[in-house]
Number of protein chains: 2
Amino acid sequence: GCGERMGVPTPKQFCLVLERPLISYALQALESVHWIEDVVVAVTRENTEAMEAIIQRYQHKRVSLVESGVTRHRSIFNGLRALAEDGPDTKLSKPEVVIIHDAVRPFVEEDVLLKVVIAAKEHGAAGAIRPLVSTVISPSADGCLDHSLERARYKASEMPQAFLFDVIYKAYQQCSDYDLDFGTECLQLALQYCQTKAKLVEGSPDLWKVTYKRDLYAAEAVIKERISQQICIVKDVKEDGEHVGLLEEMLKNEFKHADVTSKALGPAAGDLPRVTLERCCSFVCVNVMNSDFHETQKLLKLLEDSHLSIFYPLVVISVHFLAYNSVSFGEKMEDLRQIRELAKEVKKRNILLYGLLICYPQEELKLQQRVGQGAAIIAALIKERNPSLAGQLLVA
Amino acid sequence: GCGERMGVPTPKQFCLVLERPLISYALQALESVHWIEDVVVAVTRENTEAMEAIIQRYQHKRVSLVESGVTRHRSIFNGLRALAEDGPDTKLSKPEVVIIHDAVRPFVEEDVLLKVVIAAKEHGAAGAIRPLVSTVISPSADGCLDHSLERARYKASEMPQAFLFDVIYKAYQQCSDYDLDFGTECLQLALQYCQTKAKLVEGSPDLWKVTYKRDLYAAEAVIKERISQQICIVKDVKEDGEHVGLLEEMLKNEFKHADVTSKALGPAAGDLPRVTLERCCSFVCVNVMNSDFHETQKLLKLLEDSHLSIFYPLVVISVHFLAYNSVSFGEKMEDLRQIRELAKEVKKRNILLYGLLICYPQEELKLQQRVGQGAAIIAALIKERNPSLAGQLLVA
């Protein structure tokens, strides 16, 4: 695709979402499915280098490149040729079933991929569909309404689609130049040239095609939401002090739909469970015993092992408490100022570090308010992942 | 609409975007067009009270309510009846041309409204269209592909649509119950029952219908982008001090597509031009002479007159400078701490106040960096308008 509808110069599959090209999200989604052996990407000669850089930077395995054609169908045909036994690319072998997908549909999930593949094995071809959002009409030559289609009787054809390789390859070999130049529907080629009636599979709304600038906004919001679904609270005390317990409770409220786990690293820095490091993009580090960043630095050390930061910006919020009648606010701010340097360091590794100072009064109700405000600030920082605010010290 | 596709309980036209119901944006867009006389909203009995509250809170004029029907067509028919001479609602009079629009298309602009109305006067009916994003297919009874439509030969029918009132009213009076219960296309009714061939008008992508949760995300991002298109820098010095000039310059870089104006309120608080107060949602208040919030409070006073805060959260960023070798950072933070109370006050009026302290070293290059970082923080605060961070004091 060349993304002319995006209103931006870059082809839309290369547009950055959270600093990462859209196509990398789609590749990641496909590679996360273990039974997908190879992923073939059709790319223009101008974009080949950029694509290779993306594959390397985001460590995409199983991806091969072929040169794209001047139309969608010609690009797909090139991809199929590369997979065919007599294909030029020797490290690829002809599959029983081939999936066709768009680089600009980053949210495809194993579930629907499995459904179309199983249906393809049975019917020879299958594709995801969605209900129509708008009524479809047919204009007459003079730009007036000729007729409109009954919305309920039609569907939008989406991706992914799956085919028995021999079926779709034969279809492309036999179809006309007109098909290759003006056609848009692979299922139609399978029907026309192999008499294969594709099975239609109801897909989820997330299969939508990122087409306009607003879709980029939506994609970013969806990704941010997804990586904020798991929060890990790390603290330097085993037994919950009053305000720590209160904060955890309120964070669970702020992240109703997220899985909030709590783990005491403790003075002796027990490691975080692997699974957390492999899945969690949002960390809250509560410092009670150590008033400085000792604990936070331990956490950051652990996060170095996390490969997640290649794909997503990780958020770490270092929470500190200040009793009203203790050391002055100003001094405390001075003490915590080093977070700026710390943040600058870890930002290079795609970790966004923020500080939060919760000033808590003895008075119960006020404490509730302050900690609640702190939880709201933490939620805002995690949900927005704003790099410009990394290194800031916020106050509740 | 009942918003079942949104995956949220609230009907989607009532979903909040920046704390304000989506439908209010659509009403605002229609009311901003002076030649639109009346806006009739079809609403269910359960939602009538909520709708009346919205009309009052957001000061919508020219809006009348009618009870909605069980289907889209029946709701529209009720709306037309209210406009017909013999309509029950006496304060409405029968128009020559009627526009039909969706509450969930908030970004409709005068330009396309004018186009469909002019076309309707000439052809009797007109509607906005968009190219199809996905290929449209027709499934067979067994859930397989029957045939696919050639994408280029069809269009998506969008809103707004416009009609000579007599044409569309007659069409609704004559159409069948089947049409009213299962039809989706007003243009089709005009064609079928009045032999009126609607003129099709190419619409902008912004006409899209907010349908899924992701569309709400997109709508919010689009609105935030729009209200960040104009930035007003207010300062307490006429002649630009070095760092003030530098900051303005860098803000112009951060907001490449925004119109950044700069105005010195000065010690004698010259008012801001009305037009600024009527259009601008983003203010940067640079305090050089007064190190406290004296200037900021003057600005906030002026903003009380701005009605914009009824519709959008206004952002005010109070910028302060701290020379390295002057008063200590901690003391300065103490001094500026009162911003919390100030912010709490103005938040009630939908104004989000943030503080920014720029610590500037004498050394030229470092100064550049610091001020640049300050500009980036300002840009981030304005673009995100995060209420949870209001009252925070950020440091560059």
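For clarity, every value in this text was computed on a predicted model and none was experimentally measured. (Residues numbered from 1 in each chain as written. Chains lettered and ligands numbered in written order. Predicted model: local features only at pLDDT ≥ 70, side-chain atom pairs only at ≥ 80, totals over all residues. Heavy atoms only, no water.)

> Residue-level account of the side chain of Arg340 of chain B, with values.
Looking at where Arg340 of chain B falls in the secondary structure, it is placed in helix H14 (residues 339-347). It is Glu341 of chain B that comes nearest to the buried, bridge-free Arg340 of chain B among opposite-charge side chains, at 4.9 Å. Discounting residues that sit within four places of it in the chain, Arg340 of chain B has contacts with Arg370, Gln373, Val395 and Ala396 of chain A together with Gly391 and Gln392 of chain B. (Helix = DSSP H or I, 4+ residues; strand = E, 2+ residues; numbered from the N terminus. Buried < 20%, exposed > 50% of the residue type's maximum accessible area, 1.4 Å probe, protein only. Lys, Arg positive; Asp, Glu negative; His and termini not counted. Salt bridge = Lys/Arg side-chain N within 4 Å of Asp/Glu carboxyl O. Contact = heavy atoms within 4.5 Å.)

> Please provide a residue-by-residue account of the domain arrangement of chain A, values included.
Residue and element names in this part refer to chain A. Each assigned domain of chain A is listed with its residue range as follows: domain 1 (12-222) and domain 2 (227-395). Here the C-alpha centroids of domain 1 and domain 2 sit 41 Å apart. Listed per partner, the contact involves 7 residues of domain 1 and 5 residues of domain 2. Where domain 1 abuts domain 2, roughly 620 Å² becomes buried across the two surfaces, and 61% of that area is made up of carbon and sulfur atoms. When the area that domain 1 buries against domain 2 is broken down by residue, the three leading residues are Leu18, Gln28 and Tyr58, summing to 56%. Here domain 1 and domain 2 share 0 salt bridges between them. Taken together, the connections running from domain 1 to domain 2 amount to 2 residue pairs in polar contact (both at pLDDT 80 or more). Split into classes, the residues belonging to the side of domain 1 that touches domain 2 amount to 3 nonpolar, 2 polar and 2 charged. (Domains from an automatic or database assignment. Buried area = accessible area lost by both parts, 1.4 Å probe. Polar contact = N/O pair within 3.5 Å; in protein donor to acceptor, adjacent residues only side chain to side chain. Nonpolar A, V, L, I, M, F, W, Y, C, P; charged D, E, K, R; others polar.)

> Tell me about the packing of helix H5 (residues 165-174) of chain B against helix H7 (residues 186-194) of chain B, residues and numbers included.
All names here are of chain B. Contact geometry of H5 with H7 gives a least axis separation of 8 Å together with a crossing angle of 80°. Taken together, H5 and H7 sit at an angle that is classed as roughly perpendicular. Facing Val167, Ile168, Lys170, Ala171, Tyr172 and Gln174 of H5, the residues of H7 in contact are Cys186, Leu189, Ala190, Tyr193 and Cys194. Residue composition of the contact of H5 with H7, by class: 9 nonpolar, 1 polar and 1 charged. (Axes fitted to C-alpha atoms, helices over the stretch in contact; angles between N-to-C directions. Parallel < 35°, antiparallel > 145°, perpendicular 65-115°, else oblique.)

> Can you lay out the relation of the copies chain A and chain B for me, pointing to particular residues and giving the numbers?
With an RMSD of 0.0 Å, the fit of chain A onto chain B corresponds to turning through 180° and sliding 0.0 Å along the axis. Such values leave the two copies arranged in the relation of a two-fold axis. No C-alpha of chain A lies nearer the rotation axis than that of Gly330 of chain A, which sits 1.9 Å from it. The overlap is high: 100% of the interface residues of chain A also sit at the interface in chain B, so the same surface is used on both sides. (Least-squares fit on C-alpha atoms with pLDDT ≥ 70 in both.)

> Give a description of the interface of chain A and chain B that names residues and reports values.
Taken together, the contact between chain A and chain B spans 75 residues of the former and 75 residues of the latter. Of the roughly 6,500 Å² buried where chain A meets chain B, counting both sides, 54% is carbon and sulfur surface. Between the two partners, chain A and chain B, sit 2 salt bridges. Of the charged contacts in the structure, one is a salt bridge between Lys213 of chain B and Glu225 of chain A, with a shortest N-O distance of 2.9 Å.

> Which residues make up helix H8 (residues 213-226) of chain A, and what values go with them?
Residues separated by three or four positions in an α-helix point in the same direction, a consequence of the helix having 3.6 residues per turn. The terminal C-alpha atoms of H8 of chain A lie 20 Å apart, and with 14 residues this matches the ideal 20 Å at 1.5 Å per residue to within 8%. For H8 of chain A, the set of buried residues is Arg214, Asp215, Leu216, Ala218, Ala219, Ala221, Val222, Ile223 and Lys224 of chain A. At its buried positions, H8 of chain A is contacted by strand S1 (16-17), helix H1 (22-31) and helix H15 (364-384) of chain A together with helix H8 (213-226) and helix H15 (364-384) of chain B. (Expected span 1.5 Å × (residues − 1).)

> Outline the confidence of the model for chain A, supporting the account with residue identities and numerical values.
Residues and elements named next belong to chain A. In this model, chain A carries a mean pLDDT of 90, and residues with pLDDT of at least 70 account for 93%. Counting contacts from residues 1-8, a segment whose pLDDT is below 50, to residues more than four positions away or on other chains yields 20 contacts. Scored as a whole, the predicted complex attains pTM 0.92, and scored at its interfaces, ipTM 0.91. (pLDDT = per-residue confidence, 0-100.)

> Describe in detail the nonpolar core, supporting the description with residues and values.
Met51 and Leu272 of chain A together with Met51, Leu272 and Leu299 of chain B are the most contacted members of the largest nonpolar core, which totals 136 residues. If sequence neighbours within four positions are ignored, Leu299 of chain B has contacts with Val234, Leu265, Leu272, Phe283, Cys285 and Val316 of chain B. Counting 68 residues, the second largest nonpolar core, distinct from the first, contains Met250, Val286, Leu356 and Ile377 of chain A. (Core = buried A, V, L, I, M, F, W, Y, C linked by side-chain atoms within 4.5 Å.)

> Explain the packing of H8 of chain A against H8 of chain B to me, using residue names and the numbers behind them.
Where H8 of chain A contacts H8 of chain B, the two axes come as close as 8 Å, and the packing angle between them is 115°. By the angle between their directions, the pair H8 of chain A and H8 of chain B is classed as roughly perpendicular. Once H8 of chain A is placed against H8 of chain B, the crossing between them reads as right-handed. In contact with Lys213, Arg214, Tyr217, Ala218, Ala221, Val222 and Glu225 of chain A of H8 of chain A, H8 of chain B contributes Lys213, Arg214, Tyr217, Ala218, Ala221, Val222 and Glu225 of chain B. When the residues that make up the contact of H8 of chain A with H8 of chain B are grouped by side-chain class, the tally is 8 nonpolar, no polar and 6 charged. (Left-handed = near helix turned anticlockwise from the far one by under 90°.)

> Before we move on, can you summarise the packing of aromatic side chains with the specific residues and values?
Scanning the entire structure with this criterion turns up 14 aromatic pairs over all chains. With centroids separated by 6.3 Å and ring planes inclined at 45°, the aromatic side chains of Tyr25 of chain A and Tyr312 of chain A adopt a geometry described as tilted. On the criterion of sequence distance, the pair formed by Tyr25 of chain A in helix H1 and Tyr312 of chain A in the loop between helix H12 (308-311) and strand S14 (314-323) is long-range, its members being 287 residues apart. Both residues of the pair, Tyr25 of chain A and Tyr312 of chain A, count as buried. A connected cluster of aromatic rings, assembled from ring pairs, spans Phe77, Phe165, Tyr169 and Tyr172 of chain A. The side chain of Arg20 of chain B reaches across the aromatic face of Tyr25 of chain B, ending 4.0 Å from its centre. (Phe/Tyr/Trp six-rings, centres within 6.5 Å; stacked < 30°, edge-to-face > 60°. Lys NZ or Arg CZ within 6 Å of the ring centre and 35° of its normal.)

> I'd like a description of the sheet that holds strand S12 (residues 259-264) of chain A, backed by residues and values.
Picture the strands of a sheet paired through backbone hydrogen bonds; they go either parallel or antiparallel. All names here are of chain A. In spatial order, the strands read S12-S11-S13-S14-S15-S16; together these 6 strands make up an open sheet with parallel pairing. Each having just a single partner strand, S12 and strand S16 (393-395) make up the two edges of the open sheet. Taken over all neighbouring pairs, the strand axes of this sheet differ in orientation by 20° on average, direction set aside. Across 10 bridges, the pairing between S14 and strand S15 (residues 351-360) is parallel. Bridge assignment links Ala323 to a residue of S15, and that residue is Tyr360. Seen against the sheet, helix H11 (residues 294-304) touches strand S11 (230-235), strand S13 (282-287), S14 and S15 and runs at an angle of roughly 155° to S13. (Pairing = 2+ DSSP bridges.)

> With reference to specific residues and values, describe the pairing of strand S3 (residues 39-43) of chain A.
All names here are of chain A. Side chains Val39, Val41 and Val43 project from S3 onto a buried face, and the interleaved Val40 and Ala42 project onto a face without burial. Taken together, the 5 bridges between S3 and strand S4 (residues 63-67) define a ladder with parallel strand orientation. Bridge assignment links Val40 to a residue of S4, and that residue is Ser64. For the crossover that starts at S3, traverses helix H2 (residues 45-57) and ends in the parallel S4, the hand is right-handed. (Right-handed = clockwise from strand over helix to strand, strands pointing away.)

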